[in-house]
Amino acid sequence: MIKISEIEQVFKDTFESEDGVVNSVETIYETPKHGEFLKLIISIQGLAVEDVSIIHTKFIFKVDKEKRNLIEDSFIYLYDINCVYHKMEFDNVIDLKKKIEDIIDSNDFGEDMQILSDFIEAPAMFLNYYMRRAKITDYSVFDVEYQPKFKTQPCDKTTFDFKININNNYNIDLSISKIDRDEEVELDSYKFQFKFMDEIQTIESDTLKNLHFFIGDNVAKLLDRKLKNK
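Residues numbered from 1 in each chain as written. Predicted model: local features only at pLDDT ≥ 70, side-chain atom pairs only at ≥ 80, totals over all residues. Heavy atoms only, no water.

**Student:** Break down the overall build of the chain for me, citing the residues and quoting the values.
**Tutor:** Broken down by element type, the chain carries five helices and ten strands. Structurally, the chain occupies a C-alpha span of about 65 × 40 × 30 Å along its principal axes. Taken over 230 residues, the chain has a buried fraction of 45%. Taking the contacts inside the chain whose residues are at least 6 apart along the sequence as the reference set, 50% of them involve residues at least 24 apart. (Helix = DSSP H or I, 4+ residues; strand = E, 2+ residues; numbered from the N terminus. Buried < 20%, exposed > 50% of the residue type's maximum accessible area, 1.4 Å probe, protein only. Contact = heavy atoms within 4.5 Å.)

In structure tokens form, the structure reads like this:
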């Protein structure tokens, strides 16, 4: 029987051995609607290791109500945004550590999660690349900071929040989320909410691909409208 303290040590050892930087690691317990157990949820935000960036994921274990031991030698992890999980089984603590390391090292996540994770590797560089290609010379992105607002919120309510600094003078807040449609609607949809000064602008897109072009274009338009009355 594996103890919760051993699970916590595995995650501590994993991040130390990966020699990376993580925005936050938070642990909470959640009571499910059905079942005589608790959920141990380990939520990770902004993990950057040598070759991989992971914007967000969760590892969820079933544990006893006394918060001492696991009741199943398995876990699920957040594979893609809006509650797409994959299940993994393990034999012991050593095998668990290997499974977690393999997930991180192989970047075993869905397309949307990978697009957002790639973006946080060098967001200012990506946005400035768009600005140059679009011949936008009035604005330069000095910094983009990933600022998760609710680090342990339900997966279907997850937003990806950024603060974009322009010209070292203006800050634009950006929140990205996936819109949860009815099952009959096959097309994905994503919401981008830009906040600058007293204006909040919400724009929908059917894809996250070419993310830096979409963000850069709308940032430039918002700045023009507020600063130049265009």
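Once the structure has been displayed, the description carries forward.
**Student:** Can you break down the packing of aromatic side chains residue by residue, with the values?
**Tutor:** Enumeration according to the criterion identifies 13 aromatic pairs in this entry. An angle of 90° between the planes, with centres 6.2 Å apart, marks the rings of Phe11 and Phe61 as edge-to-face. One end of the pair, Phe11, is in helix H1 (residues 4-18); the other, Phe61, is in strand S3 (residues 53-63), with 50 residues separating them in the sequence. Grouped by ring-pair contacts, the aromatic residues Phe11, Phe59, Phe61, Phe75, Tyr77, Phe90 and Phe109 constitute a single cluster. Above the plane of the ring of Phe37 lies Lys62, whose end atom (NZ or CZ) is 4.8 Å from the centre. (Phe/Tyr/Trp six-rings, centres within 6.5 Å; stacked < 30°, edge-to-face > 60°. Lys NZ or Arg CZ within 6 Å of the ring centre and 35° of its normal.)

**Student:** Give me the packing of helix H4 (residues 123-133) against helix H5 (residues 211-227): which residues, what numbers.
**Tutor:** Across the interface, H4 lies against H5 with an axial gap of 9 Å and an inter-helix angle of 65°. It follows that H4 is roughly perpendicular to H5 by the angle criterion. Like other packed secondary-structure pairs, H4 and H5 cross with a definite hand, here right-handed. Residues Phe126, Leu127, Tyr129, Tyr130, Met131 and Arg133 of H4 form the contact with H5, whose own contacting residues are His212, Phe213, Ile215, Gly216, Asp217 and Val219. Looking at the contact of H4 with H5 residue by residue, the classes come out as eight nonpolar, two polar and two charged. (Axes fitted to C-alpha atoms, helices over the stretch in contact; angles between N-to-C directions. Parallel < 35°, antiparallel > 145°, perpendicular 65-115°, else oblique. Left-handed = near helix turned anticlockwise from the far one by under 90°. Nonpolar A, V, L, I, M, F, W, Y, C, P; charged D, E, K, R; others polar.)

**Student:** Now, about the nonpolar core: what can you tell me, with residues and values included?
**Tutor:** Membership of the largest hydrophobic core comes to 62 residues, with the highest contact counts inside it found for Phe61, Phe162, Ile164, Ile176 and Ile215. Per-element tally for this core: the top contributor is H5, with six residues. Excluding residues within four positions of it along the chain, Phe162 makes contact with Ile55, Phe119, Ile120, Val144, Glu145, Tyr146, Gln147, Ile172, Asp173, Leu174 and Ile176. (Core = buried A, V, L, I, M, F, W, Y, C linked by side-chain atoms within 4.5 Å.)

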